[in-house]
Each structure stands twice: as structure tokens, then as C-alpha cells.
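Below are the chains, spelled out letter by letter.
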Amino acid sequence: MINTPAKPFPYQWDPAKTALLCIDFQRDFMEPGGFGETLGNDVSTLRTTIEPTEKVLEAARNLGMLVVHTREGHRPDLTDLHPAKRDRGNPTLRIGDDGPRGRILVRGEVGHDIVPELYPVEGEVILDKPGKDSFYGTDLDVILKARGIEYLLITGVTTEVCVQSTARAANDRGYECLILEDCTDSYFPEFKASTLDMIAAQGAIVGWVSTSAELLDSIASSADSAEEGAVQNAKDS
Ligand code: C5J
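Residues numbered from 1 in each chain as written. Predicted model: local features only at pLDDT ≥ 70, side-chain atom pairs only at ≥ 80, totals over all residues. Heavy atoms only, no water.

A description of the sheet that holds strand E4 (residues 66-72) should follow, citing residues and the corresponding values.
Spatially, six strands are ordered E7-E4-E3-E8-E9-E10 in an open sheet, and the strand pairing comes out parallel. Looking at the sheet topology across the chains shown, the edges are occupied by strand E7 (125-129) and strand E10 (208-210). Averaged over neighbouring strand pairs, the angle between their axes works out to 25° when direction is ignored. Examined bridge by bridge, strand E9 (residues 176-185) and E10 share three bridges and lie parallel to one another. Note on E10: the bridge partner recorded for Leu 178 is Trp 208. Its contacts with the sheet put helix H7 (residues 189-204) on E9 and E10, and the angle it makes with E9 is roughly 160°. The strands that helix H8 (residues 212-236) touches are strand E8 (151-157), E9 and E10; relative to E9, the one it contacts most, it runs at about 125°. (Pairing = 2+ DSSP bridges. Helix = DSSP H or I, 4+ residues; strand = E, 2+ residues; numbered from the N terminus. Axes fitted to C-alpha atoms, helices over the stretch in contact; angles between N-to-C directions. Contact = heavy atoms within 4.5 Å.)

Rendered as C-alpha cells:
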């Protein structure tokens, strides 16, 4: 088990039973001209998540962990887009309209895809989802259960929408969730702070909160202890 410092108390996890979730690191949320900007948001701030998430992805790949990348979006014929989502509010463009990076939040369009820095590699799961909660309308639970996954390291955007919805849904399904605070962001800093506080409150009522540095340090320490243990065993035998 790896022991990672976290709020509200250390998070213990077994890499063999852990998946890294990368939620909606899509151009539509992180680049100008996409869904996030049509809602009136400054999307540039979300890009601070890329560098720490790259490091966590590399560590997860080195540990041979299951990595799942989600993408929020809809079928080109929009048959999976209910009117409540399509018609709400007053965006400059609606889901399905033509934008600078293709049709807004539609599968197969450039804007719908994952930013190049965090692009999936072969063998990783890409999960398309019509909603905010990654379990809604998807086979995520089946995929995780088939691999014996019990722990989720959660990264992604935006904190109080798809990340929080997914963490809550995962928690109700029995997964132990750790959210990495520098690997998630919101267009609203106060929403991010409140969400992370709510997740860890009341004795980790939804899950734990830590940072990429604390996670990576704990992985390195655990590798060092395993090596020292092996050397000691070799000396003893
Ligand atoms: C939003 C998401 N914010 N991925 N989606 O609509 O958080």
C-alpha cells in the first residue's frame, strides 16, 4: 500500500487496484472558441492543470495502472442531448452549433477531443459520456469492476461540475477517491475551493484531497522502501 498525505487524513491505496481518472481535459473546456468560452468563461486558467497532470499520468503509466480519460459530448445527430441541457441559459453558441473548433461538444470534432499534452496512449480507456457524472449513461463501473479497481485518483475539469459529480457518484459506488487539487480547476476559484473543502469535510465524506507533489513523493518513498526491503532480504538470506 502507498500512504499519501491528504486531507482530512492520509490516503492509503494499492496501485494494482487503482485507476487514474482524467476527466474532460478537452479543448472545448480548455481552449478559446469552445463550450467553456461560449458560456462566458475565461478558459485560460484551466491550463495550469496540464503540467502536474502530465507528471501524474507518467507515474500512473510507470506503475502500470489503469488510466481512464473521459470526454463530455454528444452524438453528431444529438439524439443523446436532452432539451434541458441544450436550451438552458444564454450561451453565444449552443451544443451542436458550428464553432471555431468544429461543432460545440460533439463527438468526433476537434474541440471535443483531449488536449495534446494529456492525450491517451494505446491501452488506455477513452470514455465518452453525455453527462457531467462519468457513470451516467456509460459503462465506467463495469470497466472498473472488471479490473478489480477499488481506488480512484481523480484529475480533470471542471472541479465543481464533472469532477465533483463523478467523485460523488464513485463514492456512492464504494470507490475510495483522492482528488488532486493542482490537477483540477474551475473557471471560479471560489467554487474550486468550496468543492474540495466539501469533499474532504466530515471525515472524508466524499473522499480525500491531496496534491500531485505529495502523491509523487509518496510513490517514490514507497519504491525506495520496497528496494531497501529487497536488499535487506538478500543480505538476510
Ligand atoms: C462542464 C465539465 N463544466 N466537464 N463540464 O460543463 O465540468
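Now that the structure is up, let's keep going.
Please give an account of the pattern of salt bridges that cites residues and values.
This model, assessed by the stated rule, comprises 15 salt bridges. Across the pair Arg 107 and Asp 80 runs a salt bridge whose closest N-O atoms are separated by 3.6 Å. Separated by 27 residues along the polypeptide, Arg 107 in the loop between strand E6 (102-103) and E7 and Asp 80 in the loop between E4 and helix H4 (83-87) bring together distant segments of the chain. Between Lys 192 and Asp 185 there is a salt bridge whose closest N-O contact spans 4.0 Å. Judged by its relative accessible area of 10%, Asp 185 is buried. What you see here is one network of salt bridges that share partners, running through Arg 27, Glu 31 and Arg 101. (Salt bridge = Lys/Arg side-chain N within 4 Å of Asp/Glu carboxyl O. Buried < 20%, exposed > 50% of the residue type's maximum accessible area, 1.4 Å probe, protein only.)

Explain the site of the ligand residue by residue, including any values.
Lining the immediate surroundings of the ligand are Asp 24, Phe 29, Phe 35, Glu 72, Lys 132, Val 157, Thr 158, Val 161 and Cys 162. Here a nitrogen atom of the ligand sits 2.9 Å away from a polar atom, N or O, in the side chain of Glu 72. Protein coverage of the free-state accessible area of the ligand, which is 230 Å², stands at 93%. Spatially, the ligand is embedded in the second largest pocket. Of the residues in the shell around the ligand, the class split is five nonpolar, one polar and three charged. (Near = heavy atom within 4 Å. Polar contact = N/O pair within 3.5 Å; in protein donor to acceptor, adjacent residues only side chain to side chain. Areas by Shrake-Rupley, 256 points an atom, 1.4 Å probe, with all protein chains shown as cover. 1 Å grid on protein atoms, 1.4 Å probe; cavity = no way out; pocket = protein on both sides within 12 Å on 5 of 7 lines; lining within 4 Å. Sits in = over half its atoms within 2 Å of the grid points. Nonpolar A, V, L, I, M, F, W, Y, C, P; charged D, E, K, R; others polar.)

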